[in-house]
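Below, each chain spelled out in residue letters.
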Amino acid sequence: MASFKPTKVQFLPKLGEKVTEDTLYWKNYKSPVQIKEFGAVTKIDFSPLAPHNYAVTASTRIHVYGLHSQEPIRSFTRFRDTAYGGSFRGDGKLLVAGSEEGLIRLFDICGRVALRQFTGHSKAVHVTSFLSDGFRVVSGSDDLTCRVWDVPSAVELSSITEHTDYIRALAPSKLNPDLFVTGSYDHTVKVFDMRSGSSVMTMQHGHPVECVLLYPSEALLVSTGGRYVKIWDLLKGGQELVSLKNHHKTVTCACLSSVGNKLLTGSLDRHVKVYNSSYKVVHNFDCDASILSMAVAPDDEVVAVGMTNGVLSVRHRKHKKDKETLTSRRRRGPSYRVFVKGKNFVPRQDDFLVSKPVKQYLRKYDKQLKSFEVSKALDTALQMWTRTSKPEVTVAVIIELNRRGTLKNALAGRNEESLTKILNFLLKHIFDPRFSRPLLTVGDIVLDLYRQVLHQSPVVERQLQRLMEVLGREAELQQELLQVLGILDTLFASLTPRKEVAALAALPVDQGPQLQAA
Amino acid sequence: MVEESDVRVVRFGGSKINLRPPIISTDSRFVLCTSGDSVKVYSTRTEEWLHSLQGHTNQVTGIALNPANHLQVYSCSADGTVKLWDFIDGILIKTFIIGYPLFAIYVSEKHEGIVFLHIAMDTDSKKEGFQLVAVHLPKSAEQEVEAKELSAVSSHISPNPSCTAFGREGQYIAFARNLQLNVYFFRKQKTYSFSLKATDKKGAKNAFTCIACHPTDDCIATGHEDGKIRLWRNFIHKKEYTYSTQHWHHNAVNTLCFTPEGTNLLSGGIESVLVQWQYGTGNRKEFLPRLGGSILHVSASSDGQLFCTSHSDNKITVIESSFKVCGVIQGLVKGDAVLTDLMIDPRSKALVLNGKPGHLQFYSLLRDKHLYNLDIVQQEYIYEAGLDQFEVVKAAFDIKGYWLATVEERGQKSADLEFFLKLWSYDERTQSFVLNTTITAAHTDRIISMCFSSSEETTMLVTIAEDGQFKAWCQGVDADTKQDQNFWSCDFVGSYHNLKPTNCSFSADSSLLAVSFQEVITIWSPDTWELLTTLCQPPGVIRDLCFGRLSCSKYLISTTTRNLLCCWNLLTCALEWSTSVEVSKLQSDPLSENVAAFSYQSKHTDLFVFKPNEPRPLFTHKNVCSEKIHRAVFVPREEPLNNCDESSQWLNRSQLYFLTQNMDLLTFSTATEEDRMLSSSTRLVIDDSVAVTPFYLLLGKHRQQQQKLNTPSHQAADRPQQPQGSVTITELLHTPAHVLPPASVLCSMFVSSLLISNTGVLQDPLRKEMESSEQEMNSEKEEEDSEGEMEACDSQQELRVQGSVDEVTPKLSKAQERELKRVRKTDFSWMAGLIASKP
């Protein structure tokens, strides 16, 4: 005697959504921690040394936060005007920042007062950075100049004026202490070599450049500006590799993840997009406000995003360990403990085992189906929780009833309330391609059954009206889609070369007389 | 054409065991059931098939225990004879020749020496008319007796044998036909009849379907077409009869049966639920649901401890009186039609075809035994008449038996067709197939055919469907994640001028795929999915396609609906030869070049076996059977035969099985093979003539062995007798493996004993050589044993010496002695018999 086979719920994949390893990786972040700053967050920089504190430049201050702290560990407040571009040196001991007044300050990470001040820029300095030897600082300013400063003596080593607009982006090379890349509002990205004292490469981005970024190999360069993200191949003399247009507002910042060098871009459209190695968007973080700055901690532990409304949102990676402790900490109720009592008992070697048949646990609708209570089973499947969060279960029960030939019986004899439930479910899911087929049958049967009494209930009548509208729209859409498909077919047909004919012509000549090449 | 006498068509096993109610023997040890032209005897405990009672020349249509002797059984057959058997030993005792085709048999304790039979009305030309006759069986010592004393009890009875039953102590017999119930009283020699209206207000269908009489009470239970059960009482007075109605079944009641004491009434129908009604308490009932297949017959053993139900899926279930299933006897399931092709599982070499509804069955042809059912649909089957449910319609195995593809379909008749394509992978651990991928909308219309590519490295499935497309599926790499998936996805979609494809086939090395679109065969390369060439030979739509194998792999054979069999040469893309023959099934042998074609012409089927490279057939068999054949399969043999005869050579590597429209599984067999089969089957009967439980096997055999051990082995050695040897060999074969000494020890001793007794001194050097090699072998695994070495030799050693008395005992090496000592510890005295038996 076979046991009852429960209803099989088919899990059809949702169309257009592909779960890849990348999406899983980037989904694995906790919900963000929000930290309020005093003004728009313009720059975030992680210290290259453990414990990877990060400096957040906002308004007239630079705060340094620990990875897991929400209060600043240290803050540098000696700015008279807005501070910009606070960034760490390669050893994480010094911090350099520009400001609105044109002054560049150098801080020791432990001190409060600036160790050095570099004066010379006549306008605001938005970007500053150490060169990779650690003894020089490079800065880009709104006065169109790019200056290199000597740290020990605090003197200006050189000043280059090649850009014709504000310089708002800067990236020093990590491999060569004499190279750095700047991006400017004059739509160009330039690579400077300190040895020659001038630019060695110029690339036309086409929009005001907001951010430049070098890949660790320094063969690829990323520039963002306008709605575009462009990748340049430096080894091919600055040839454009890819141009991405995934944001619908200006892309303000870009950074690389440390695992797998995935590109992340943030934009004023409040999205952070994550690209895979073939530059397809694999994940998307949503934020509350326009994004100005972004940084990823080493090992991708933290993604920090700074926004125009002065909120710093920090996402921490989930770890398996955390999950385990969470579940183990959760205390089960006494009934659960009774239920599992003795289940984890490990028998000794010489124990005699008496096995007892495993009881089959059935869902409620399965129990009702087993005893042929079809109406009740449908009611169970249409319960609030099931029909909203697991529509596939409801549909599976409907399919099962249809297979048993009892769908009509299950739908018959319902009052206004339960009929509304069914119609609501239909309205919500009838054009989901996964469910439309069984649900259309349900709609048909409902109409057949209740045609005579429809006018008695205005509620049901209204719902049917809506269903009709919705179906009409869907039919129109389908028709349009078919038209588009037809257009595309003709296009493709005219594009493909007539290879088949050629292949047939090349057939061997000694074909039998009966053979007809069609 | 000369008729081949060497090769003949034989019916191969798997016949219906559910035609008539099974019978449980009085001691509840055996179940007897009709099976084709024989009666099969099964054990109730072990469900093993013990033997069959063979002798009838036509379908056996009824069996009944001899009321005078509970070890004997009557069987009647359509060949017009009633036979009396001793079913324990399988001996035919008597044959009574009646002379008319018989359709059912009834016996009663009251009427000794009389059997009641259903025969067709000889006066009536229509086949519908049946007659119940009483036949007095003459008492004579002869084997074959003609029984001439026929007296008609009633004419115009129902053709359904369950509509007739004996009443209390054989006083009356009740039979029903359509809407009339008749009761014939033997004492009064009168028939009372009671009739029902065809329908009442509620639209009930009142026709009788079955009947049962209470064993001790004057009560008749009748089952009806609409599922009602009526209990008739007081029918002795014609005018004052009463009946009560009970209703649970929602479809026709197929069978009714009272338990021997009359306390319960068992009923069964299409629902596949056995219902037990308590007699006399109204509506109290018990259920045993989901027995599988609708219940056709129920019978109870004479002590009431066991019930037997036979089901429409060719199954007999043995049920204890506590309503617990204790045994299932499963025949080859043959549904209404076999929708899948006949297939061979490459791993188990089992025949695979449709089984229970929604299942594929694996049937061992070698042992004529059902192996298991694989649940394909995985849904609760609702036993209800006229319900359209999922059925497995297509199945295919890949060449290694690692993948199985199935298509299940529902709603063939209605407009909305539902179907699923499922792929199953073989799981080594569970030794079964596990669902890997379910594809819900593989095509937009019905799948016509599918085949796996036959190459070893990559597995690919090609499906063709009525939507004009063919699709290639493989277990591929996902483009996005660049990772190996273990599920299947679509690789290529192809079509040809929107024509409807009809068949597809891969070449033997999978380098070519042939897909036929109506009249055109297209050849594709599966590597690049390029259309290589098209072949066409109008008129007629292509029906079957198959590539040649081995040396004929350059040929492609196709059959069309317009009676044309074409052979294409793929190297020249030209038609090699064609012939006009109506082919209903084309099947190629996977192990040889041979191709078998079944042709249906003028109401009988012929078989042609040919090689594609020569248009002359290798073998022809006219008039294989009278029905059309659509399913056939070549089954690779375990060991190839070596027939040199030209006509039977094609059967050397594999055997051809085919299924007729009447669902008979037939095969071709050669003379030599039949001899072998006969000898093996007789041995089986001897071995299993007693019902053997596993416990008996374990203890009973052991006891026998011990008895043998107790007899002194020397005595046995003194009496060299031929049968003794065979007994010892069976002993050796029957001893459980864990009790036996290691095979290495046994083998060398066995061989050396043979050498001594046969050759003696002459072969001495050889023996020494063998011993030395034995010594080498043993020295590898010798254990350090410091006990005293030269002890008295055991009986084995003595025996060896005895065998060659005139020979000087060779000096034993140390290793040898150690080995001997080890051997001595185990008891091989039974071996003495074996050694002694050799002349």
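Scoring rules and cut-offs
- Residues numbered from 1 in each chain as written.
- Chains lettered and ligands numbered in written order.
- Predicted model: local features only at pLDDT ≥ 70, side-chain atom pairs only at ≥ 80, totals over all residues.
- Heavy atoms only, no water.
- Helix = DSSP H or I, 4+ residues; strand = E, 2+ residues; numbered from the N terminus.
- Buried < 20%, exposed > 50% of the residue type's maximum accessible area, 1.4 Å probe, protein only.
- Areas by Shrake-Rupley, 256 points an atom, 1.4 Å probe, with all protein chains shown as cover.
- UniProt positions renumbered as here; feature names shortened; annotations may be inferred.
- Phe/Tyr/Trp six-rings, centres within 6.5 Å; stacked < 30°, edge-to-face > 60°.
- Lys NZ or Arg CZ within 6 Å of the ring centre and 35° of its normal.
- Pairing = 2+ DSSP bridges.
- Axes fitted to C-alpha atoms, helices over the stretch in contact; angles between N-to-C directions.
- 1 Å grid on protein atoms, 1.4 Å probe; cavity = no way out; pocket = protein on both sides within 12 Å on 5 of 7 lines; lining within 4 Å.
- Points joined across faces, edges and corners; volume = space filled by probe spheres on them.
- Salt bridge = Lys/Arg side-chain N within 4 Å of Asp/Glu carboxyl O.
- Core = buried A, V, L, I, M, F, W, Y, C linked by side-chain atoms within 4.5 Å.
- Contact = heavy atoms within 4.5 Å.
- Polar contact = N/O pair within 3.5 Å; in protein donor to acceptor, adjacent residues only side chain to side chain.
- Patch = residues over 30% accessible without salt bridge, like charges linked within 9 Å, V, L, I, M, F, W, Y side chains within 5 Å.

Take the overall build of chain A next. When you go through chain A residue by residue, the secondary structure sums to 12 helices and 28 strands. Burial statistics for chain A: of 518 residues in total, 45% are counted as buried. As displayed, chain A has an accessible area near 28200 Å², and 55% of this comes from carbon and sulfur atoms.

A few words now on the UniProt feature "repeat: WD" (unreviewed entry) in chain A. Following the UniProt record, the feature "repeat: WD" (unreviewed entry) maps to residues 118-159, 160-202 and 244-276 of chain A here. A distance of 12 Å separates the end C-alpha atoms of residues 244-276 of chain A, which is 0% helix and 52% strand.

Here we take up the packing of aromatic side chains. Counting across every chain of the model gives 50 aromatic pairs over all chains. Geometrically, the ring pair formed by Phe76 of chain A and Phe107 of chain A is tilted, given 4.8 Å between the ring centres and 40° between the ring planes. Of the two residues, Phe76 of chain A sits in strand β5 (residues 72-76) while Phe107 of chain A sits in strand β8 (residues 104-108), which places them 31 residues apart along the sequence. Classification of Phe76 of chain A by relative accessible area gives buried; the value is 0%. When the centroid spacing of 5.0 Å and the interplanar angle of 50° are considered together, the rings of Phe598 of chain B and Phe658 of chain B count as tilted. Taken together, the residues span a long stretch of sequence, with Phe598 of chain B in strand β52 (residues 595-601) and Phe658 of chain B in strand β56 (residues 654-660) at a distance of 60 residues. Judged by its relative accessible area of 0%, Phe658 of chain B falls in the buried class. Here a set of aromatic residues connected by ring pairs shows up, and it is made of Phe470, Phe492, Tyr496, Phe517, Trp524 and Trp529 of chain B. One Lys or Arg, Arg89 of chain A, reaches over the ring of Phe130 of chain A and ends 6.0 Å from the middle of that ring.

All names here are of chain A. If you walk across this open sheet you meet the 4 strands as β1-β28-β27-β26, and the pairing is antiparallel. The sheet is open, and its two borders are formed by β1 (33-36) and β26 (291-296), each paired with just one other strand. When strand polarity is set aside, the average angle formed by the axes of neighbouring strands in this sheet is 20°. In the sheet, strand β27 (residues 302-307) pairs with strand β28 (residues 311-316) via 5 bridges, with the strands oriented antiparallel. Paired with Gly306 across the strands is Leu312, a residue of β28.

So, on to the sheet that holds strand β7 (residues 72-77) of chain B. All names here are of chain B. Spatially, β6-β7-β8-β9-β13 is the arrangement adopted by the 5 strands of the open sheet, whose pairing is mixed. Where the open sheet ends on each side, the last strands, each with one partner, are β6 (60-65) and β13 (144-146). Strand-to-strand twist of the sheet, defined as the mean angle between neighbouring strand axes without regard to direction, takes the value 20°. Summarising the sheet, strand β9 (residues 91-97) and β13 pair through 3 bridges and their orientation is parallel. Bridge pairing links Phe96 to Val145 in β13.

The next subject is unusual backbone geometry. Positive phi, normally seen in glycine, also occurs at His187 of chain A, with a value near 75°. Structurally, the position occupied by His187 of chain A is in the loop between β15 (179-184) and β16 (188-193). Positive phi, normally seen in glycine, also occurs at Lys349 of chain B, with a value near 60°. Its location among the elements puts Lys349 of chain B in the loop between β31 (343-344) and β32 (351-354). By relative accessible area, which is 33% here, Lys349 of chain B ends up partly exposed.

Bringing empty space enclosed by the protein into the picture now. The gaps of empty space that remain are located by a probe, the size of a water molecule, rolled over the atoms. Residues and elements named next belong to chain A. Applying the stated criterion across every chain yields a total of 4 cavities of 30 Å³ or more. For the second largest cavity, the calculated volume is near 50 Å³. Together, Leu378, Leu382, Ile398, Leu407, Leu411, Ile422, Phe425, Leu426 and Val442 line the second largest cavity. The element best represented in the lining of the second largest cavity is helix α9 (residues 416-429), accounting for 3 residues.

With that settled, the discussion passes to the pairing of strand β12 (residues 130-136) of chain B. Residue and element names in this part refer to chain B. Across the 7 residues of β12, 6 count as buried, placing the element largely inside the fold. Pairing of strand β11 (residues 114-120) with β12 involves 7 bridges; the strand directions are antiparallel. Bridging from a neighbouring strand, Ile119 pairs with Gln131 of β12. Where β12 lies against strand β14 (residues 150-157), 6 bridges are found, and the strand directions are antiparallel. In the strand pairing of β14, Val135 is matched with Leu150.

Next up on the list: the pattern of salt bridges. Opposite charge on two side chains makes pairing possible when the charged atoms of those side chains draw close. Residue and element names in this part refer to chain A. Scanning the model with the defined rule gives 30 salt bridges over all chains in all. Of the charged contacts in the structure, one is a salt bridge between Arg168 and Asp142, with a shortest N-O distance of 3.1 Å. Remark: Asp142 occurs in the loop between β11 (136-141) and β12 (146-150) and Arg168 occurs in strand β14 (residues 167-172); sequence separation between them is 26 residues. Like Arg168, the residue Asp142 is buried in the burial classification. The network of salt bridges with common partners includes Asp133, Arg136, Asp178, Asp193 and Arg195.

Right, let's talk about the nonpolar core for a bit. Residues and elements named next belong to chain A. Ranked by size, the top nonpolar core spans 37 residues in total, and within it Leu378, Leu401, Leu407, Leu411, Leu439, Val442 and Val446 carry the most contacts. Of all elements in the fold, only α4 (364-370), α5 (374-381), α7 (391-403), α8 (407-411), α9, α10 (436-450) and α11 (458-495) reach the threshold of two or more residues within this core. Residue contacts for Val446: discarding those within four places in its chain leaves Leu411, Leu419 and Leu423.

So, on to the side chain of Ser184 of chain A. Residues and elements named next belong to chain A. Following the sequence through the fold, Ser184 ends up in strand β15. A relative accessible area of 0% means that Ser184 is categorised as buried. In this structure the side chain of Ser184 is engaged in a polar contact, spanning 2.9 Å, whose partner is the backbone oxygen of Tyr166. The contact partners of Ser184, leaving out residues within four places of it in the chain, are His163, Asp165, Tyr166, Ile167, Arg168, Pro208 and Val209.

With that out of the way, let us pick up a nonpolar patch on the surface. All names here are of chain A. Taken together, Leu482, Val484, Leu485, Ile487, Leu488, Leu491, Phe492 and Leu495 make up a surface patch of nonpolar side chains, about 810 Å² in accessible area. Inspection of the secondary structure assignment puts Leu488 in helix α11. Taking relative accessible area as the criterion, Leu488 reaches 36% and is therefore assigned partly exposed.

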